[in-house]
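Observations on the three-dimensional arrangement
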Amino acid sequence: MTEPQALRTRAAALHLHGLLAHWAEVADQPWLAPLLDWEEQERGRRSLERRLQAARIGRFKPLCDFDWTWPKRCDRAAIEALMGLDFLKEASNAVLLGPNGVGKATLAQNIAHQALIAGHTVLFTTAGHLLGDLAALDSDTALRRRLRHYAHPSLLIIDEVGYLSYSNRHADLMFELISRRYQAKSTIITTNRPLAEWQEVFPNAACVVSLIDRLVHNADIIAIEANSYRLKEAEERNQTRARRRRASKV
């Protein structure tokens, strides 16, 4: 493809119909290529801004500040592979498993941010918010519309599965959502409960075995063993304040 043809293709992809209508007049102008560069960059910036707002990933500590020496067990290579985003091409899933405060949400937020930068759509939510949102809908039409909302993103992250117990209806809604995304879109779950204990998260729900089966098929299950980062950071802040108080008295 020649350079003029490449420029025309870019202009068509940007839907610059006025420019295309006068293409013969402008094709050899030196400002054409910079103009297309500016338009592509601005649209890319606005697209990322919209997707960041829609993703609701919130504030998080970047992975470069993650203390890999703190966990007793954490498969760093597996996390870095997820950051490479190949799992999105395969529509595979990941489960980040570990006790409270060990950085599961932080890792998931970093993966989400990386996916957004790469141009993917992302949604970050907690299990409580997601299931409460779906269960509150009265009509089948509204429920189907909301399920489409959660099924649509290239990457859906459901945080804090296992912190609360849910009814059979909640279990059915989670099963329906995971089934819609199964082998089509990627889902990351963070949970403090081993999958064998999910019967306690969704007690008496008949669909739990099928839910787990769809979730973990072609999925990475990454276990993290560590004491709470939040408790560690709180103790470090207290020690820093104590040193400052002692220094001020000297």
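Definitions and cut-offs
Residues numbered from 1 in each chain as written. Predicted model: local features only at pLDDT ≥ 70, side-chain atom pairs only at ≥ 80, totals over all residues. Heavy atoms only, no water. UniProt positions renumbered as here; feature names shortened; annotations may be inferred. Core = buried A, V, L, I, M, F, W, Y, C linked by side-chain atoms within 4.5 Å. Buried < 20%, exposed > 50% of the residue type's maximum accessible area, 1.4 Å probe, protein only. Helix = DSSP H or I, 4+ residues; strand = E, 2+ residues; numbered from the N terminus. Contact = heavy atoms within 4.5 Å. Pairing = 2+ DSSP bridges. Axes fitted to C-alpha atoms, helices over the stretch in contact; angles between N-to-C directions. 1 Å grid on protein atoms, 1.4 Å probe; cavity = no way out; pocket = protein on both sides within 12 Å on 5 of 7 lines; lining within 4 Å. Points joined across faces, edges and corners; volume = space filled by probe spheres on them. Nonpolar A, V, L, I, M, F, W, Y, C, P; charged D, E, K, R; others polar.

As recorded by an unreviewed UniProt entry, the chain carries the name IS21-like element helper ATPase IstB and is attributed to Paracraurococcus lichenis. On record in UniProt, under Sequence similarities (unreviewed entry), the comment for the chain is "Belongs to the IS21/IS1162 putative ATP-binding protein family."

What follows deals with the nonpolar core. By size, the foremost hydrophobic cluster in this structure holds 31 residues, and its most contacted members are Phe87, Leu107, Leu155 and Ile188. For this core, the leading source of residues is helix α7 (residues 104–117), giving 6 residues. What phenylalanine 87 contacts, discounting residues up to four positions off in sequence, is Leu82, Ser92, Ile111, Leu155, Ser186 and Ile188. The next biggest cluster of nonpolar side chains, apart from the first, holds 30 residues, and it includes Val95, Leu130, Ile158 and Tyr166.

Taken in spatial order, the 5 strands line up as β2-β3-β4-β1-β5 in an open sheet, and their pairing is parallel. Two strands lie at the open edges of the sheet, namely β2 (122–126) and β5 (219–223), each paired on one side alone. Looking at each pair of strands side by side, their axes are set apart by 10° on average, direction ignored. Sheet topology places strand β1 (residues 93–97) next to β5; 5 bridges connect them, and they run parallel. Paired with leucine 97 across the strands is alanine 223, a residue of β5.

We now examine empty space enclosed by the protein. On inspection of all chains with the given rule, the structure shows 1 cavity of 30 Å³ or more. There is about 40 Å³ of room inside the largest cavity. Lining the largest cavity, in full, are Ala91, Ser92, Asn93, Tyr182, Gln183, Arg214, His217 and Asn218. When the residues that make up the lining of the largest cavity are grouped by side-chain class, the tally is 2 nonpolar, 5 polar and 1 charged.

What follows covers the UniProt feature "domain: AAA+ ATPase" (unreviewed entry) in the chain. When the UniProt feature table is mapped onto this chain numbering, "domain: AAA+ ATPase" (unreviewed entry) sits at residues 90–223. Here residues 90–223 runs as 46% helix and 21% strand, with 21 Å between its end C-alpha atoms.

Over the atoms rolls a probe the size of a water molecule, and its path tells where empty space is left. Within this model, the second largest pocket holds a volume of roughly 270 Å³. In terms of lining, the second largest pocket is formed by 14 residues, of which the most central are Ala54, Val122, Leu123, His149 and Pro153. Elements with a contribution of two residues or more to the lining of the second largest pocket: α4 (32–55), β2 and α9 (140–151). The greatest single-element share of the lining of the second largest pocket, amounting to 4 residues, is contributed by β2.

This part is about the pairing of β1. Along β1, 5 of the 5 residues are buried, which leaves the element largely enclosed by surrounding structure. Side chains Asn93, Val95 and Leu97 project from β1 onto one buried face, and the interleaved Ala94 and Leu96 project onto a second face that is buried too. Across 4 bridges, β1 lies against strand β4 (residues 186–191) in parallel orientation. Counted as the bridge partner of alanine 94 is isoleucine 188 from β4.

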